[in-house]
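Chain by chain, the residues:
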Amino acid sequence: MGGPSWLGALLFLGVQLRALWLAAAVEVHTAKEVHAVNGTNLRLKCTFSSSSPVSPDLSVTWNFQPEDLSSHEPVFYFLKEPYKLQAGRFKERVTWDGNIERNDVSIVIWNLQPTDNGTFTCQVMNPPDFYGAIGEVRLRVVQKVHFSEIHFLAVAVGSACVLMIIVVTVVIICRHRRKKAQEKKIEVSDTELREKENLKVREEEEASPLED
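The shown structure was predicted, so the numbers you read here are calculated from the model rather than taken from an experiment. (Residues numbered from 1 in each chain as written. Predicted model: local features only at pLDDT ≥ 70, side-chain atom pairs only at ≥ 80, totals over all residues. Heavy atoms only, no water.)

Turning our eyes to something else, we now look at the overall build of the protein chain. Scanning the protein chain from N- to C-terminus turns up 2 helices and 11 strands. For the protein chain, the succession of helices and strands along the chain, N to C, is α-β-β-β-β-β-β-β-β-β-β-β-α. Counting all 212 residues of the protein chain, 22% fall into the buried class. For the protein chain, the exposed area adds up to about 15,600 Å²; of that, 61% sits on carbon and sulfur atoms. (Helix = DSSP H or I, 4+ residues; strand = E, 2+ residues; numbered from the N terminus. Buried < 20%, exposed > 50% of the residue type's maximum accessible area, 1.4 Å probe, protein only. Areas by Shrake-Rupley, 256 points an atom, 1.4 Å probe, with all protein chains shown as cover.)

This is the structure in structure tokens:
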């Protein structure tokens, strides 16, 4: 009878330890995917929550995995203070932009390049909370539209608008002139008709005394 009792106690203890581990785990929060223009700077936001107060030994690790799924590369490390990379693609391109007191461990990446397309991971350890999910954010760097292309597009749109305005103006002027010409023609016809009627009346008046 002792065996099953011990087995049950061990299972119960395992469940309690797992619940305790989940409660003590650090939760990391990031966006799933972000987009940025080639050559610009981007703030990668990462926040965390922990069941323990912020520890002086809290550490933050940012890593990067390219789209070709090659090995992870270091991006940034924080332990009491930011540490700069001595080598790699992100050397001199990453700065700390977080606030530990506000549970913010964000960074800024400068001068983004198409080769920066990939997945960034944010891991936070806050002793005694060492375990938890790692935040992942996928970065998409899009090509920047050159000024010449923007200028050409603006000129094309502007020219089309000006041409449309000219065409509409010409049509309105032509219709106005045609209407004026028709009105003048009608006025001339009315004048001629009145003159003919007046002439006929005078002729009839002149003919009347002769008949008498």
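On we go from here.
As a further point, take the side chain of serine 106. Tracing the backbone through its elements, the reader meets serine 106 in the loop between β8 (94–96) and β9 (107–109). Within the structure, the side chain of serine 106 is placed 3.5 Å from the side chain of arginine 43, a separation counted as a polar contact. Reaching out from serine 106, the side chain makes a polar contact with the backbone nitrogen of cysteine 46 at a distance of 3.0 Å. Once residues lying within four places of it in the same chain are set aside, the contact partners of serine 106 are Arg43, Leu44, Lys45, Cys46, Trp96, Asp97 and Gly98. (Polar contact = N/O pair within 3.5 Å; in protein donor to acceptor, adjacent residues only side chain to side chain. Contact = heavy atoms within 4.5 Å.)

Strand order in the open sheet formed by 6 strands is β2-β11-β10-β5-β6-β7, with mixed pairing between adjacent strands. Each edge of the sheet is formed by a strand with only one pairing partner; in this case those strands are β2 (33–37) and β7 (82–83). As judged from the 5 bridges shared by strand β10 (residues 118–125) and strand β11 (residues 135–142), these two strands associate in the antiparallel manner. In the strand pairing of β11, phenylalanine 120 is matched with valine 137. (Pairing = 2+ DSSP bridges.)

What follows deals with the nonpolar core. The nonpolar side chains of a soluble globular protein tend to be buried with one another. By size, the foremost hydrophobic cluster in this structure holds 29 residues, and its most contacted members are Leu44, Trp62, Val75 and Phe120. Looking at this core, the elements that each hand over two or more residues are β2, β3 (42–44), β4 (46–49), β5 (59–66), β6 (73–79), β9, β10 and β11. Excluding its chain neighbours within four sequence positions, the residues that come into contact with valine 75 are Trp62, Asn63, Phe64, Leu85, Phe90, Val94, Ile107 and Phe120. (Core = buried A, V, L, I, M, F, W, Y, C linked by side-chain atoms within 4.5 Å.)

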